Amino acid sequence: MAMMDKMQAAMEATLVPVAAKINGQRHVAAVRDAFTLAFPMTLAGSLVMLVNYAVLDPNGFIAKILHLGALIPNLADYQAALTPILQGTTNIMALLIVFLCAYKLAEAKNGDTLLSAICAVGVFFIIYPPYDENGALSMTFMGAQGLFVAIIVGLLVGEAIPALSKNEKLRIKMPDGVPPAVAQSFNLVIPIIIVFVIASVLSFVFGNITDGGVQYIIYNMIQVPFRSLGSNIFTVLLFALAQQFLWILGIHGPNTLSAIRSVMFAEQGVANLAYYGEMGTTIGCPFPLTWASINDAFGNTGGSGATLGLIIAIFLVARKDKTQMTIAKLAFAPGLFNINEPLMFGLPIVMNPIYAIPFIATPLVCNIIGYLCTIVFQIIPPVTLDVGWTTPGFLIPFLGSGGHNPLSLLIGVLCVCVSTLIYMPFVRAAAKANIAREAEAEN
Amino acid sequence: MFKIRLFCAAGMSTSLLVTKMRAAAKEMGIEADIEAAGETKMREETDGIDVALLGPQIRYKLADAKKICEPKGVPVDVIPMVDYGTMNGKKVVEFALKLAGKK
């Protein structure tokens, strides 16, 4: 134990401050918080679409159970009643993100949050591809494809407005008789004009020297390469590895990596949902391989480390070990909903050399199973619908693919079995050590 | 009324602990108002409270949390890992009381 204490102290001194710095860095934090705050919107869109096609499609799993197809003619026609919800959620993702990024960054800088946020929305449209000949604005960059520009604009405006508004020289002086509230409203006018003029001129310049302007350049030169980097099994495995390693150090892995992960996988998730909204199936979706479709679907049952298997393994082979049994009983109910802090800090898994190996290996193995089943052999549909991370993990492959294929359910359960088997020998070893220690304490 | 706020990544796992802490506070005869929240809500949720606690999984946030809490005169610290893992409500309530200088 002495060695582990020393190692822990060393980690506390070196890695924890690094993680703290990354997390505390205000731009990273603003991006992360923006996606966290926008998340309920995409989840809502996703769940409505899931229900829409499960109930209002004659082939949907609920419609089949209730024989709705036979009862209601033209059942599928009624889908149109709910599909517009996508227009208010995923299709305007970039708008939400530009607002929230600027808001959160301005907040960290103690600036005017709402004003910075609405200015960012203003800039987003100032540099938006121009109206077409019918006076219409294309929706293309308001959703997933505009996310990078949204992040960049949100961060720049969230930085600029608070900074400029602190400059006394940029304030319009009002005579003494003017009510303070009125004077206040003039204080930010010059900063806003400066920001808008710079945005507009830059957009004009870019529009003249390139084809399509800022949105197209950033989309093609940054977002597309970044996206392809994400849609790769090695990237997913690397993220899983890094996240599990951080957890071993006692640092919330998913949370620490969420800023970069959201940026890398946001477009895919949103585009997949739009595809589902249109086609009613996840088969043939544009991005079958993302973090959510692999790790959240297959490698996260019970929480990071696929620890539902660990709890089951304790129930199976460590019944005589009071310490582990107490924690496992406590952790079972939250574990069903993928919350595993009791295991992390109770067993503990954090800084525990016995559990480090299976904790890192299990999600990797389950992710590979998911990859083989959905991408390589395509025996089950890709799991691209977001059903919320607190949905019991073994149900996600089934529900997250629209609930079409019972085999998905079986694969979800198989992943739990596999994780149980991987954890089992380590649980046995930990139990042996605990029982020996308890016996020693009694003597 | 003793007001405690717990913060973790999403406010999910600390909400488990909150239930246990409420029961423990009742048993100890303390009138307490205990809630959990996600760390992004720290600014809004720390007004007028007696003590703020962080889940050990976000202990790297302590420096940031202090920046928010100290100007408000709210003591803040990380919940000990073992008490958190075993969901020991009583110990965490005692920890909070001690932190607030009430014991």
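Presented here is an overview of the structure given in this document. Just so it is clear, the structure is predicted and the values come from calculations on it, not from any experiment.

**Let's talk about the overall build of chain B**
Part 1: Check the secondary structure of chain B and you find 5 helices and 4 strands.
Part 2: The N-to-C order of helical and strand elements in chain B reads β-α-β-α-β-α-β-α-α.
Part 3: Here the C-alpha radius of gyration of chain B, 12 Å, is about what a compact globule of 103 residues would show, namely 13 Å.
Part 4: Over its C-alpha atoms, taken along the principal directions, chain B stretches across nearly 35 × 25 × 20 Å.
Part 5: The 103 residues of chain B split such that 51% are buried.
Part 6: For chain B, contacts bridging at least 24 residues in sequence account for 66% of all contacts bridging at least 6.

**Some thoughts on the overall build of chain A**
Part 1: When you go through chain A residue by residue, the secondary structure sums to 20 helices and 0 strands.
Part 2: For the C-alpha atoms alone, the extent of chain A along its principal axes is close to 85 × 65 × 40 Å.
Part 3: Taking all 443 residues of chain A together, the buried fraction comes to 48%.
Part 4: Partitioning the contacts of chain A with sequence separation of at least 6, the portion at a separation of at least 24 is 72%.

**As for the interface of chain A and chain B**
Part 1: Taken together, the contact pairs 22 residues of chain A with 19 residues of chain B.
Part 2: Of all elements in the fold, only helix 1 (2-24), helix 2 (26-55), helix 16 (322-336) and helix 17 (341-346) of chain A reach the threshold of two or more residues within the side of chain A that touches chain B.
Part 3: Of the residues contributing to the side of chain A that touches chain B, the split by class is 13 nonpolar, 7 polar and 2 charged.

**A word on the pairing of strand 1 (residues 2-8) of chain B**
Residues and elements named next belong to chain B.
Part 1: Most of strand 1 is tucked away, with 5 of its 7 residues classed as buried.
Part 2: Here strand 1 pairs with strand 2 (residues 32-38) via 7 bridges, running parallel. Bridging from a neighbouring strand, Cys 8 pairs with Gly 38 of strand 2.
Part 3: As paired elements, strand 1 and strand 3 (residues 51-54) share 4 bridges and run parallel to each other. Among the inter-strand pairings, Ile 4 is bridged to a residue of strand 3, identified as Val 51.

**Regarding the sheet that holds strand 1 of chain B**
All names here are of chain B.
Part 1: Strand order in this open sheet of 4 strands is 2-1-3-4, and the pairing throughout is parallel. The open sheet terminates on both sides in strands that have one partner only, identified here as strand 2 and strand 4 (76-78). Strand-to-strand twist across the sheet, computed as the mean angle between neighbouring axes with direction ignored, equals 20°.

**What to know about the nonpolar core**
All names here are of chain A.
Part 1: Core analysis: the largest hydrophobic core is formed by 152 residues, its most contacted members being Ile 97, Val 98, Cys 101, Ala 102, Ala 120 and Ala 150.
Part 2: In terms of residues, this core owes the most to one element, helix 6 (residues 93-108), which gives 13 residues.
Part 3: Ignoring any residue separated from it by four or fewer positions in sequence, one finds Val 98 in contact with Ala 120, Val 121, Phe 124, Ala 150, Val 153 and Gly 154.

**Looking at the packing of helix 2 of chain A against helix 8 (residues 147-165) of chain A**
Residues and elements named next belong to chain A.
Part 1: Where helix 2 meets helix 8, the closest approach of the two axes is 11 Å, and the angle between their N-to-C directions is 125°. In terms of axis orientation, helix 2 runs oblique to helix 8. Remark: the crossing between helix 2 and helix 8 carries right-handed chirality. Here His 27, Ala 30, Val 31 and Ala 34 of helix 2 lie close against helix 8, whose contacting residues are Ile 151, Gly 154, Leu 155 and Gly 158.

**Some thoughts on the pairing of strand 3 of chain B**
All names here are of chain B.
Part 1: Here strand 3 shows two buried faces, one formed by Val 51 and Leu 53 and the other by Ala 52 and Leu 54.
Part 2: Sheet topology places strand 3 next to strand 4; 3 bridges connect them, and they run parallel. Within the sheet, the bridge partner assigned to Leu 54 lies in strand 4 and is Val 78.
Part 3: The parallel pair strand 3 and strand 4, bridged by helix 3 (residues 62-69), forms a crossover whose chirality is right-handed.

**With respect to the environment of A:Thr326**
Part 1: Assignment of secondary structure puts A:Thr326 in helix 16.
Part 2: The spacing of A:Thr326 and A:Leu100 is 226 residues in sequence and 42 Å in space, taken between C-alpha atoms.

**Some details on helix 16 of chain A**
Part 1: For helix 16 of chain A, built from 15 residues, the straight-helix expectation of 21 Å at 1.5 Å per residue is met to within 8% by its first-to-last C-alpha distance of 21 Å.
Part 2: A:Leu330 marks where helix 16 of chain A bends most, by close to 30°; the proline A:Pro334 follows one to four residues later.
Part 3: Every buried residue belonging to helix 16 of chain A is among A:Gln324, A:Ile327, A:Ala328, A:Ala331, A:Pro334 and A:Gly335, and all of these are buried.
Part 4: Buried-residue contacts for helix 16 of chain A involve helix 15 (308-317), helix 17 and helix 20 (406-442) of chain A together with helix 1 (12-27) of chain B.
Part 5: Remark: A:Asn338 follows helix 16 of chain A within two positions and exhibits a positive phi of approximately 65°.

**A closer look at the environment of B:Gly73**
Part 1: As for its position among the elements, B:Gly73 is in the loop between helix 3 and strand 4.
Part 2: Separated by 25 residues in sequence, B:Gly73 and B:Gly48 have C-alpha atoms that sit 9.1 Å apart.

**Details of unusual backbone geometry**
Part 1: The linkage connecting A:Leu347 with the following residue, A:Pro348, adopts the cis geometry, with an omega of -15°.
Part 2: Within the fold, A:Pro348 resides in the loop between helix 17 and helix 18 (353-376).

**Describing the packing of helix 11 (residues 214-230) of chain A against helix 13 (residues 253-279) of chain A**
All names here are of chain A.
Part 1: Two elements in contact, helix 11 and helix 13, have axes separated by 8 Å at closest approach and are oriented at 90°. Judged on the interaxial angle alone, helix 13 and helix 11 are roughly perpendicular. Taken together, the residues of helix 13 that come into contact with helix 11 (itself represented by Gln 223, Phe 226, Arg 227, Leu 229 and Gly 230) are Met 264, Phe 265, Glu 267 and Gln 268.

**A few points about the environment of A:Pro363**
Residue and element names in this part refer to chain A.
Part 1: Tracing the backbone through its elements, the reader meets Pro 363 in helix 18.
Part 2: Along the sequence, Pro 363 and Thr 307 sit 56 residues apart, while their C-alpha atoms lie 9.0 Å from each other.
Part 3: Excluding its chain neighbours within four sequence positions, the residues that come into contact with Pro 363 are Ala 240, Gln 244, Asn 295, Gly 299, Asn 300, Gly 305 and Ala 306.

Procedures and definitions
Residues numbered from 1 in each chain as written. Chains lettered and ligands numbered in written order. Predicted model: local features only at pLDDT ≥ 70, side-chain atom pairs only at ≥ 80, totals over all residues. Helix = DSSP H or I, 4+ residues; strand = E, 2+ residues; numbered from the N terminus. Rg over C-alpha atoms; globule rule 2.2 N^0.38 Å. Buried ≥ 20, exposed ≤ 12 C-beta atoms within 10 Å, placed from the backbone. Contact = placed C-beta atoms within 7 Å. Nonpolar A, V, L, I, M, F, W, Y, C, P; charged D, E, K, R; others polar. Pairing = 2+ DSSP bridges. Axes fitted to C-alpha atoms, helices over the stretch in contact; angles between N-to-C directions. Core = buried A, V, L, I, M, F, W, Y, C linked by C-beta atoms within 7 Å. Parallel < 35°, antiparallel > 145°, perpendicular 65-115°, else oblique. Left-handed = near helix turned anticlockwise from the far one by under 90°. Right-handed = clockwise from strand over helix to strand, strands pointing away. Expected span 1.5 Å × (residues − 1). Bend = angle between axes of the 7 residues up to and from the residue.

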